[in-house]
Amino acid sequence: MNYKIRFVNPSRNYQMIKDEIDAAYFEVMTKGDLIDRDQLKRFEENLATFVGTKYAVGLNSGYDALHMSLRAAGIGRDDEVIIPAHTFVATASAVVNVGAKPVLVDVGKDFNIASDLIEKAITPKTRGIIPVHLSGYMADMIRIMEIAGGYNLVVIEDACQSLGSTMKNEDSTRLKGAGAWGVTGCWSFYPFKILGGYGDGGAITTNDPDVALFARRMRYNGEDRETGEYHGHGFTCLLDNLQAAFLDVKLRYLPQWIIRRKEIAERYRAELSEIPDLLLPHYNDPRRDHVYQNYTVRSKQGNEFSEYLKTHGIEVLTQFRKPYYKHQALNLEDQGFPETEALSREVCSLPMNVEITDEEVDYVIATVRSFYGK
Ligand SMILES: Cc1ncc(COP(=O)(O)O)c(C=O)c1O
């Protein structure tokens, strides 16, 4: 369908920063710097600084970041890993693909894992927790780190949707970024993400030098690039140098782009908050900061609402109408997760990107209001 308002608009975004992206392209192409060169190292340094960790290691997807983190933690056969029932399927697939069992836990009203349900899911086989910071809003990492500490569990943050989001640290003295709490933070640079590349991309961030070294070797088929020694059977999952050069340009814009996202979220809130059948993603936790990678509302009218927006030319996402654990081929245990099931019927993410104009935001608002007869 030819939408009047796109969910994200990569070509318009490119026009906004064309000179710098073109310069990055010409630099890489004229030097012929394709694999593991300065641009990748620069981006990794800048990403680590942005997140607040010592190291970042570029990989070729968010899935690989999760997979690599589980391997670095030595999680495998006979282990259990706790994950939220509401997330993108890759969180679960990474656990299954290292031979471990994902144990699902329901989410709360903020779409993130309900921390008060985690302890009930812990068994003697539990080795780790993967909290997912969904849509730009962190899971309650203070509580999760406390639980993990009590049971000696590894925490791997699936921060693929939340670059730039923060939570106040344990004693509220400073803000601590998503991806700086667990043994690793896992990032995706899929084009729809808040830091989206021009194709697939990913990274881990970590403070652990051994984990960083493990990922650097394993992304390169296990090889130490300086000595040529293989340190295990690895993978080919390195972030392309060209992609890193583009991402480094975009990372410089991220702080101002987050401000713009918050402005759009405020416009939505100001105009839509009095509609009783619509629940907006604004939460009253002064410790946590939402960066609105997605502006996901819950409409009691479910598909009727999302279809109405689509037929009026607005591209919306309804992730995920069918929870991943209900897909038979995935062979996961459906224990009945009431919050996940309720929100799956109702979710609808409105256009949220830095390319959108104020007039387009107003059109989205007017269309939502007209659906509700306002
Ligand atoms: C929460 C979450 N986890 C994992 C991933 C996987 O990232 P990728 O698509 O880069 O493999 C994504 C993004 O698609 C995601 O949103």
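What you see is a predicted model, and the numbers here were worked out from it, not measured in a lab.

Procedures and definitions
- Residues numbered from 1 in each chain as written.
- Predicted model: local features only at pLDDT ≥ 70, side-chain atom pairs only at ≥ 80, totals over all residues.
- Heavy atoms only, no water.
- Domains from an automatic or database assignment.
- Contact = heavy atoms within 4.5 Å.
- Buried area = accessible area lost by both parts, 1.4 Å probe.
- Salt bridge = Lys/Arg side-chain N within 4 Å of Asp/Glu carboxyl O.
- Polar contact = N/O pair within 3.5 Å; in protein donor to acceptor, adjacent residues only side chain to side chain.
- Helix = DSSP H or I, 4+ residues; strand = E, 2+ residues; numbered from the N terminus.
- Core = buried A, V, L, I, M, F, W, Y, C linked by side-chain atoms within 4.5 Å.
- Buried < 20%, exposed > 50% of the residue type's maximum accessible area, 1.4 Å probe, protein only.

Which residues make up the domain arrangement of the chain, and what values go with them?
Many analyses report the size of an interface as the accessible area lost when the parts associate. On domain assignment, one finds that the chain holds domain 1 (10–248) and domain 2 (255–371). Computed from C-alpha coordinates alone, the two centres of domain 1 and domain 2 are separated by 24 Å. Residue-level contacts link 43 residues of domain 1 with 37 residues of domain 2. Between domain 1 and domain 2, roughly 3,600 Å² of surface is buried when both sides are summed, and carbon and sulfur atoms account for 59% of that area. Among the residues domain 1 hides against domain 2, the three largest losses belong to Phe111, Tyr137 and Ile194. Together they make up 19% of the total. Connecting domain 1 to domain 2 are five salt bridges. Among the ionic pairs, arginine 287 bridges to aspartate 140, the shortest N-O distance being 3.8 Å. On inspection of domain 1 and its partner domain 2, the count reaches 17 residue pairs in polar contact (both at pLDDT 80 or more). Elements with a contribution of two residues or more to the side of domain 1 that touches domain 2: α1 (10–16), β2 (80–84), α5 (90–97), β3 (101–105) and β6 (166–168).

An account of the nonpolar core is needed here, citing residue identities and associated values.
With 43 residues, the main nonpolar core has Phe43, Leu47, Ile82, Ile118, Leu163, Trp187 and Phe189 as its most contacted residues. Breaking this core down by element, the ones donating at least two residues are α3 (38–51), β3, α6 (118–121), α7 (141–151) and α9 (241–272). Here isoleucine 82 is in contact with Val103, Val105, Ile113, Ile118, Ala121, Ile122, Thr126, Gly128, Ile129 and Ile130, once residues within four sequence places are set aside. With 31 residues, the next largest nonpolar core counts Val57, Ile75, Ala215 and Tyr324 among its residues.

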